[in-house]
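# Structural overview for review
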Amino acid sequence: MESKSIEIVINKYLEGTSSIAEEKQLKAYFSSNEIAPHLVQYKPLFSYLENQKTVPIY
């Protein structure tokens, strides 16, 4: 996916208006090894959110 369309989806995500499908696109994009250099700053956010799914709830 090209970085411009990812930027649009990131903005929608940060505004709280992204769809589940768009969030899945972000997850897939930031799980890949082909992240545009100017978007690498967002990788920890999506890595953290994905890792939290495996943390047990007490």
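Please read all numbers here as calculations on a predicted model, not as lab measurements.

In this section: the overall build of the protein chain. Helix and strand counts for the protein chain stand at 3 helices and 0 strands. Reading the protein chain from its N end, one meets helices and strands in the order α-α-α. By the burial criterion, 21% of the 58 residues in the protein chain qualify as buried. Surface summary for the protein chain: the accessible area is close to 4,400 Å², and the carbon and sulfur share equals 57%.

Let us look at helix 2 (residues 20-31). Look at helix 2: 16 Å from first C-alpha to last across 12 residues, which is about the 16 Å you get at 1.5 Å a residue. All of the buried residues in helix 2 are Glu22, Leu26, Tyr29 and Phe30. Relative to the axis of helix 2, the buried residues are bounded by an arc of 90° and lie together on one face. Facing away from the buried surface of helix 2 by more than 90 degrees, the exposed residues are Ile20, Ala21, Lys24 and Ser31.

A few words on the nonpolar core. Counting residues in hydrophobic clusters, the biggest one holds 10 residues: Ile6, Val9, Ile10, Leu26, Tyr29, Phe30, Ile35, Ala36, Leu39 and Phe46. Of all the secondary structure elements, the ones that give two or more residues to this core are helix 1 (3-15) and helix 2. Residues contacting Leu26, with those up to four places away along its chain left out, are Ile6, Val9, Ile10, Tyr13 and Phe46.

Turning our eyes to something else, we now look at helix 1. With 13 residues, helix 1 ought to run about 18 Å at 1.5 Å a step, and its terminal C-alpha atoms sit 18 Å apart, in line with that. All buried positions along helix 1 are accounted for by Ile6, Val9 and Ile10. One face of helix 1 carries all of its buried residues, which in axial projection span an arc of 105°. Taken together, the buried residues of helix 1 touch helix 2. Following helix 1 by one or two positions, Gly16 adopts a phi angle in the positive range, close to 80°.

Here the focus is the packing of helix 1 against helix 2. For the pair helix 1 and helix 2, interaxial distance at closest approach is 10 Å and the crossing angle is 120°. Put simply, helix 1 runs oblique to helix 2. Handedness of the crossing formed by helix 1 with helix 2: left-handed. Across the interface between the two elements, Ile6, Val9, Ile10, Lys12 and Tyr13 of helix 1 pack against Glu22, Glu23, Gln25, Leu26, Tyr29 and Phe30 of helix 2. Of the residues assigned to the contact of helix 1 with helix 2, the class counts are 7 nonpolar, 1 polar and 3 charged.

Parameters and conventions
- Residues numbered from 1 in each chain as written.
- Predicted model: local features only at pLDDT ≥ 70, side-chain atom pairs only at ≥ 80, totals over all residues.
- Heavy atoms only, no water.
- Helix = DSSP H or I, 4+ residues; strand = E, 2+ residues; numbered from the N terminus.
- Buried < 20%, exposed > 50% of the residue type's maximum accessible area, 1.4 Å probe, protein only.
- Areas by Shrake-Rupley, 256 points an atom, 1.4 Å probe, with all protein chains shown as cover.
- Expected span 1.5 Å × (residues − 1).
- Arc of directions from axis to C-beta.
- Core = buried A, V, L, I, M, F, W, Y, C linked by side-chain atoms within 4.5 Å.
- Contact = heavy atoms within 4.5 Å.
- Axes fitted to C-alpha atoms, helices over the stretch in contact; angles between N-to-C directions.
- Parallel < 35°, antiparallel > 145°, perpendicular 65-115°, else oblique.
- Left-handed = near helix turned anticlockwise from the far one by under 90°.
- Nonpolar A, V, L, I, M, F, W, Y, C, P; charged D, E, K, R; others polar.

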